[in-house]
Structures are given as structure tokens and as C-alpha cells.
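Residue strings, one per chain:
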Amino acid sequence: EPRENWLQLLLALRLTRKEYKEAVPILETLLKQHPKKTYWLSLSTLYGALGDYQKALVPLQLAYAQGLLTQDAELRRLAQLLLFLGLPHSAANVLQKGLDDGVVEGNVDAWEMLSNCRIAAKEYEAAVPPLERAAALSDKGDLYVRLAQVHVQREEWGQASSAVEKALGKGKLDDPATAQLLMGIALY
């Protein structure tokens, strides 16, 4: 029965030599014998390095279900992987819980990512509040343009034009023509 530190040494050698496929069974053995957070995260990272994102998701989800993901970056990584694999509703739930629990920092990127997850899940009504927060925190007006697009999608013309006005007021737009077009659509 190999000791944990022996397996760790063998794993380190495999990883140093970039022998990722050979490192997977070692990490799996470590997880079976010593289920620690670092091994869950390492296994996910290893599968990601091998390009197998479906398998990379499994250890992260198991760690999340056990309450082991306790840091902002870990929860964002799980949410990004879920979103990438076409599971936006699950990604939104992970982010929302992280924001509600105070684990995920409520900055522009987090709120924008949450709104992107909601939009990808076609939950346009639920996408509005996080997008409004992200737009208010941003120093550019582009997120207000995105908010206007969501309002146009929902046929909320007054709110769309209000969002475009805020976007134009903030300035620093990547595509001011889109903002002007949205304003015309909303006013029409």
C-alpha cells in the first residue's frame, strides 16, 4: 500500500515530465485513499489540460457538492466550465449562490457573467438585475447597451431607451452605432 507522500512524489514527477495521461490514475488513487480538495481540483485541471472538459467538470461538481469549493476563483471556474459545456442554468445557480453567500466578489465581471449565464439559459427576466448591477459598476457604457438589447428582446421599449441613454451618458462605447440603432428601435 503506497503512502500518500510517495504517490505525491510520483505525481509530481509525472507532471514535471508533462505525462498527463499517466498522472490521472495516480491522482485517482490519491482521491480514493485521501479525498482532499487539492486532489479534486488537480484532477479537474489535469483533465482540462488533456482537453477532456466533460471529465474536467465531474471532479469540480463532486467537490462543489461536498462543499469543498470555498473560494471565488474555484466557483467562477466551475461556472465557466458549466457555461462552456452548455449548462448555463447550472452555471447561473453556482454563481448566484456564491454571490449570495459572499464567496464570489460582487464586481463587474461576476455580475456580467451571471447575466450572461441567464441570457444563455434564455432567462431574460432573471438576466436584467445582474446586468443592471454590472452596468452600474462598469466605467464604460457597453453593458448598458447589452441591457438595452435584453429589454428590446422583452419588448420593454421605455426601459430599453433609458438603458441606451445611460450608455451614451457614460460614453466609452465600443460600438456607438449599435447604441444609436437600439435607441431608434426603442423610440419607434
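Preceding block: the structure.
The present account deals with the structure reproduced in this document.

Once that is clear, we can look at the pattern of salt bridges. Counted according to the given criterion, the structure contains eleven salt bridges. With a shortest N-O distance of 2.6 Å, Arg14 and Glu19 are connected by a salt bridge. The class of Glu19 is buried, set by a relative accessible area of 18%. As a salt-bridge pair, Lys97 and Asp101 come within 2.6 Å of each other at their nearest N and O atoms. Residue Lys97 and its partner Asp101 are located together in helix α6 (residues 88-101), separated by four residues, close to a single helical turn.

Looking now at the nonpolar core. Core analysis: the largest hydrophobic core is formed by 57 residues, its most contacted members being Leu27, Leu30, Leu69, Leu78 and Leu95. With seven residues, the single largest contributor to this core is helix α9 (residues 142-153). Apart from residues no more than four positions distant in its own chain, Leu78 is found in contact with Leu57, Leu60, Gln61, Tyr64, Leu69 and Val94.

Summarising the element assignment, His151 is placed in helix α9. Residue class for His151 comes out buried when judged on its relative accessible area of 3%. For His151, the residues in contact, after removing those within four places along its chain, are Val128, Glu132, Glu156, Gln159, Ala160 and Ala163.

Further remarks concern helix α4 (residues 53-65). Owing to its 3.6 residues per turn, the α-helix aligns residues three or four sequence positions apart on the same side. For α4, built from 13 residues, the straight-helix expectation of 18 Å at 1.5 Å per residue is met to within 8% by its first-to-last C-alpha distance of 18 Å. In the core, the buried residues of α4 are packed alongside α3 (37-49) and α5 (72-84). Backbone geometry just after α4 places Gly67 at a positive phi near 75°.

With 14 residues, helix α8 (residues 124-137) extends 20 Å from end C-alpha to end C-alpha; this agrees with the ideal 20 Å at 1.5 Å per step. If you check which residues of α8 are buried, you get Ala127, Val128, Pro130, Leu131, Ala134 and Ala135. Buried-residue contacts for α8 involve α7 (108-120), α9 and α10 (157-170).

What follows deals with the packing of aromatic side chains. Summed over the entire model, instances satisfying the criterion amount to one aromatic pair. Residues Tyr53 and Phe84 carry aromatic rings whose centres are separated by 5.3 Å and whose planes lie at 75° to one another, so their mutual orientation is edge-to-face. Of this pair, Tyr53 sits in helix α4 while Phe84 sits in helix α5, placing them 31 residues apart in sequence. What makes Phe84 exposed here is its relative accessible area of 56%.

Rules used in this analysis
Residues numbered from 1 in each chain as written. Predicted model: local features only at pLDDT ≥ 70, side-chain atom pairs only at ≥ 80, totals over all residues. Heavy atoms only, no water. Salt bridge = Lys/Arg side-chain N within 4 Å of Asp/Glu carboxyl O. Buried < 20%, exposed > 50% of the residue type's maximum accessible area, 1.4 Å probe, protein only. Helix = DSSP H or I, 4+ residues; strand = E, 2+ residues; numbered from the N terminus. Core = buried A, V, L, I, M, F, W, Y, C linked by side-chain atoms within 4.5 Å. Contact = heavy atoms within 4.5 Å. Expected span 1.5 Å × (residues − 1). Phe/Tyr/Trp six-rings, centres within 6.5 Å; stacked < 30°, edge-to-face > 60°.

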